Structure formats: structure tokens, C-alpha cells
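Summary of the model geometry
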There are 2 protein chains.
Amino acid sequence: MDKKQVSLAVIRRLPRYHRYLEELLSNDINKISSKELSERMGLTASQIRQDFNCFGGFGQQGYGYNVELLYNEISEILGISDIKRAVLVGVGNLGRALANNPDFFRHGLRLVGAFDVNPDIVGKSVGGCPVMHIDAIEPFLERNQADLAILAVPPSVVMAVADRLFELGVRGFWNFSNVDIDIPGATFENVHLADSLMTLHYRKRNNEN
Amino acid sequence: MDKKQVSLAVIRRLPRYHRYLEELLSNDINKISSKELSERMGLTASQIRQDFNCFGGFGQQGYGYNVELLYNEISEILGISDIKRAVLVGVGNLGRALANNPDFFRHGLRLVGAFDVNPDIVGKSVGGCPVMHIDAIEPFLERNQADLAILAVPPSVVMAVADRLFELGVRGFWNFSNVDIDIPGATFENVHLADSLMTLHYRKRNNEN
């Protein structure tokens, strides 16, 4: 089975399955049908079965899923326990919040370096790392490997920063600058928090009708 | 047509369509086929047609979509231009980053009040609002209406904060505390940034294989 053919929509649901299964486990629920799981998650049972079939099925239909098995397999597919070494570029409020989010560390993120241009910030520390000037990133990445870059810089500079990091060998970008960027040969996750705001607004308005 | 029957998966794609269409408009592209749109967005053309059919279709199949019309209709469905009056609870790094995100203001968010318990933070200002002690929230919400609460508090207190705001009439919650919460009768958007991290990791690993 070629995992590359799994659609992005399915992949994006896997972390949600992982969270729901974690909650089930913490409540000592060891068996769940696709119907029950679908009701908890607001998906259809057939959607869940289709999703799991992309990865080989995870269990016997009609008998329910083994929660722990499913949890472990999804953890492995997502690489939860893989260490992801990350540099943070942009140590404003958002950068600091990201660097200190304990939830990321639970999911394997390790901050190895932090960079900014602001002289008031350079020399301070964030998430256990000293903040260096961005011009120190070339020698830093010659000595240290980074799997990912977290981009928390203004939209006007994000493309230049990404290009610079790509030249230095970084191939994964978690981009919080509110603009979509892409470089062929690298993987970008462009986060748009406003999408979530609009979804909330839509759902609230339509729940209230 | 009953919009309540539109699935959450479709609703979550609408902001993405909105962004792509905005980009097309800014590049003076006025007509696009579902095939072209699907290639840009990494969805199937049939998925796009199905999505748009949930809202009445938006145009003639085979002739392409009118980008401006589609953009305006999706803007209206999402209520982009509706003002969403929000209180922020929790003025740490993340709360400050959220309060100052210009992208949210473009999408109608207006911060009307900010609350924290930390005496070093109370009395300062964030996003143009003075930060008040959380115990001032009852009188504040008696005088001021809030459509939404942005929760940027630690996971250990988020449920208590949400309950307190619900009692005061708040019915929409944008929750950044990394835990799923729910109150019947209210709408919750529980943001899990780690989901996006795991998706990035998965995609990067599988692109590289």
C-alpha cells in the first residue's frame, strides 16, 4: 500500500482520531464500534471505515475496533514518538507561545534554536533556547540539524525567510504568518487560524437559527 | 435548503475556498473551472462540485465558476463581514498574539475586553483593550455584549472559565487550551495546533520517501 496516495483530508483526520482514542483509553474504554466513534466525532460511520481502510483497516468490522491497537497504530502512522527537531524564527508573542506549548513536546517537538532580528529579544531565551540573531542561522544549521522550521514572522518577510532556510537544507515548514507559501521539494503546513474563527462563527450562527 | 444539514467537513473547507478565490481575484482571474480549482487546492473536482451543491451550486457546470460571484457568496455564507465581538480570557503570550493578529480583524473580529488573573498583567493593555481581573467579567458582560470568548487559559482551568462565561450568556467559544470542551447549547471551536504539527510531520516524511 502506497501511503502517498492517502488524501490530505484523511491525514488531517488522523490526529483527531488519535485524540478521541486517547480519551477513550483514559476512560478505560477498550472496544468501540465505528458507529459509536462516529457519533462522538461528528463523522459518519462509513467515513470512519473508509478512512481506516486507507491504512489497512485496523480491525474486524462488526466486532468493533480494539481501542488500544487502533491508538498505537495511528500513533505510529503519525510518528507521534518521532523527535522533530525544530528551529523557531520570529520570537514575538506568537513565537513565544509556540515555543512554550507543552502539547507540542508531548508530540515529539524539540526546539533546538530560536532566531529573531529584534535586538531587545536577541540574547534572551525562549523555550529553553537562547534567541540568536537571524544572521547566526547559517553557521547554526551547519553544526545542527533541524527537521522543521516554525515560522512566526510577519507576512512581508516570510517568503525570504523560508527561501533562506530551504537553501540551508530545511525541508519542513510550519508557517504561522497567515499567508500560503510553498517551495517545491519542501513540505509546508500553512496555519490559518482565521479559518477556525470563521468556522466557529458559521456554526454558532447556524446552531442558533 | 437547511444549512444545518451541511456537514462540518464542508464548512471547514469554505474558508480555504475563500482564501483561494481571494488570491485568484487579486491575480485578475475571473473564471475558473472546478478542475482548475481542484488542482490548486488538492481536492477532487467532484468534491468541489459536491461542496458547492450544498449551498445551491454557485454557477453553471461546464462553463466554470464566476470567481467574484463565488467569492462574494462564500463570504456571505461565512459571515466574513459580520462583526464578532469577543472577550479574551488569558493574556499570556498566546492571548497577546491572538489579540494582535491583524488577520482576525480582517475577518470581523473585534476585541471588546481582556481578562486575566495575573496582577502583573491586569491593568496593562492588549489589542487596544485594558486587561481587567477575571472577577470584573460579570459586571463587564452585564454592560457589554460578547458574541465569542477566546480562551487562552491553561487546560486545568478552561472548563471552569467556560462554565462561568456560559452562565453570563456567552454562546461561542474559541478554545486554545489544547483540550476538547463542550457545553450543550454553546458552540465550541477547540483548536489543536498539534494536529497541524502531526500532519506536517506525516506529509514531510511521506514526501521524502
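Above this text you will find the structure in question.
So, here is what we can say about the structure in this document. (Residues numbered from 1 in each chain as written. Chains lettered and ligands numbered in written order. Predicted model: local features only at pLDDT ≥ 70, side-chain atom pairs only at ≥ 80, totals over all residues. Heavy atoms only, no water.)

**A short note on the pattern of salt bridges**
All names here are of chain A. Counted only if it meets this: By convention in these notes, a salt bridge is any Lys or Arg side-chain nitrogen within 4 Å of a carboxyl oxygen on Asp or Glu. Under the DSSP-based scheme used, a helix requires at least four consecutive residues in state H or I and a strand at least two consecutive residues in state E, with every element numbered from the N terminus. Think of it in three bands: residues with accessible area under 20% of the maximum for their type are buried, residues over 50% are exposed, and the middle band is partly exposed, with areas taken using a 1.4 Å probe on protein chains only.
Applying the stated criterion to the full structure yields 22 salt bridges over all chains. Of the charged contacts in the structure, one is a salt bridge between Arg 106 and Asp 103, with a shortest N-O distance of 3.3 Å. Of this pair, Arg 106 and Asp 103 both sit in helix 6 (residues 102-106), separated by 3 residues, roughly a single helical turn. Among the residues examined, Asp 103 registers a relative accessible area of 7% and is labelled buried. For Arg 164, the salt bridge identified is with Asp 135, shortest N-O distance 2.8 Å.

**Focus on the sheet that holds strand 8 (residues 172-175) of chain B**
Residue and element names in this part refer to chain B. Put simply, the test is: Two strands qualify as a pair provided that DSSP identifies no fewer than 2 bridges between them.
With respect to topology, 7 strands assemble into an open sheet ordered 5-6-4-3-7-8-9, the strand pairing being mixed. One side of each edge strand has no neighbouring strand; the edge strands of this open sheet are strand 5 (125-126) and strand 9 (187-190). Note: strand 3 (residues 84-89) against strand 4 (residues 109-116), 6 bridges, orientation parallel. By the bridge assignment for strand 4, Val 87 is matched with Gly 113.

**Observations concerning the relation of the copies chain A and chain B**
How we decide: Here the copies are matched by least squares. The fit uses the C-alpha atoms of residues with pLDDT of at least 70 in both. Contacts are assigned to residue pairs with any non-hydrogen atoms lying within 4.5 Å of each other.
The transform that puts chain A on chain B rotates by 180 degrees and translates by 0.0 Å along the axis, for an RMSD of 0.0 Å. Taken together, these values place the two copies in the relation of a two-fold axis. If distances are taken from each C-alpha of chain A to the rotation axis, the shortest is found for Asn 93 of chain A, at 2.4 Å. Of the residues that chain A buries at the interface, 100% are likewise interface residues in chain B, meaning the two copies contact each other through the same surface.

**Digging into the side chain of His 107 of chain B**
Where we set the bar: We define a polar contact as two N or O atoms separated by no more than 3.5 Å, with the added condition that, inside protein, one atom must be a possible hydrogen donor and the other a possible acceptor, whereas residues neighbouring each other in sequence contribute only through side-chain atom pairs.
Within the secondary structure, His 107 of chain B is located in the loop between helix 6 (102-106) and strand 4. Polar side-chain contacts of His 107 of chain B include one of 2.7 Å to the backbone oxygen of Asp 103 of chain B.

**Some points on the interface of chain A and chain B**
This is how it is decided: Summed over both partners, the accessible surface that disappears when two parts come together, traced with a 1.4 Å probe, is what is meant by buried area. Note on residue categories: nonpolar means Ala, Val, Leu, Ile, Met, Phe, Trp, Tyr, Cys or Pro, charged means Asp, Glu, Lys or Arg, and polar means any other residue, Gly included.
Listed per partner, the contact involves 59 residues of chain A and 59 residues of chain B. Contact between chain A and chain B buries roughly 5600 Å² in total, counting both sides, with carbon and sulfur atoms accounting for 61%. For the chain A face of the interface with chain B, the top three residues by lost area are Leu 197, Met 198 and Tyr 202 of chain A, together amounting to 13%. Linking chain A with chain B are 8 salt bridges, by the criterion used here. Residues Arg 205 of chain B and Asp 82 of chain A are paired through a salt bridge, measuring 3.2 Å at the closest nitrogen-oxygen approach. Counting across the chain A and chain B interface gives 24 residue pairs in polar contact (both at pLDDT 80 or more). For the side of chain A that touches chain B, a count of residues per class yields 25 nonpolar, 15 polar and 19 charged.

**Examining the environment of Gly 108 of chain B**
Residue and element names in this part refer to chain B. Locating Gly 108 in the fold gives a position in the loop between helix 6 and strand 4. Using a relative accessible area of 5% as the deciding quantity, one classes Gly 108 as buried. Measuring from C-alpha to C-alpha, the distance between Gly 108 and Asn 207 comes to 37 Å, with 99 residues separating the pair along the chain. When near neighbours in sequence (up to four residues on either side) are disregarded, Gly 108 contacts Ile 80, Asp 82, Ile 83 and Lys 84.

**Considerations on the environment of Leu 98 of chain A**
Assignment of secondary structure puts Leu 98 of chain A in helix 5 (residues 93-99). Since its relative accessible area comes to 2%, Leu 98 of chain A is described here as buried. Sequence separation between Leu 98 of chain A and Leu 69 of chain A is 29 residues; the distance between their C-alpha atoms is 31 Å. The contacts of Leu 98 of chain A, once residues within four sequence positions are left out, are Phe 104, Ile 150, Ala 152 and Phe 176 of chain A together with Leu 193 of chain B.

**A closer look at the nonpolar core**
As a reminder, the rule being used: Only buried residues count toward a nonpolar core, which is a set of Ala, Val, Leu, Ile, Met, Phe, Trp, Tyr and Cys residues joined through side-chain atoms within 4.5 Å.
Counting residues in each nonpolar core, the largest one holds 50 residues, and the members touching the most others are Leu 88, Trp 174 and Leu 193 of chain A together with Leu 88, Trp 174 and Leu 193 of chain B. Those residues in contact with Leu 88 of chain B that sit more than four places away from it in its chain are Gly 95, Ala 99, Leu 111, Gly 113, Ala 114, Phe 115, Val 126, Ile 150 and Ala 152 of chain B.

**As for the packing of aromatic side chains**
Our working definition: Only Phe, Tyr and Trp rings take part, Trp by its six-membered ring, and two of them pair if their centres are within 6.5 Å. Stacked means planes under 30 degrees apart, edge-to-face means over 60, and tilted covers everything else. Counted as over-ring charges are cases with an Arg CZ or a Lys NZ within 6 Å of the ring centre that also lie within 35 degrees of the ring normal.
Across all of its chains, the model carries 12 aromatic pairs over all chains by this definition. A ring pair is formed by Phe 52 of chain B and Tyr 65 of chain B, whose centres lie 5.1 Å apart and whose planes are at 80 degrees; its orientation type is edge-to-face. Of the two residues, Phe 52 of chain B is situated in helix 3 (residues 45-53) and Tyr 65 of chain B in strand 2 (residues 65-66); the sequence distance between them amounts to 13 residues. The exposure class of Phe 52 of chain B is buried, given its relative accessible area of 0%. Taking relative accessible area as the criterion, Tyr 65 of chain B reaches 5% and is therefore assigned buried. Put simply, the rings of Tyr 17, Phe 52 and Tyr 65 of chain A touch in pairs and so form one group of aromatic residues. If you follow Arg 171 of chain A out to its NZ or CZ, it ends over the ring of Phe 166 of chain A, 3.7 Å from the centre.

Shape is all these values report; function is a separate question.
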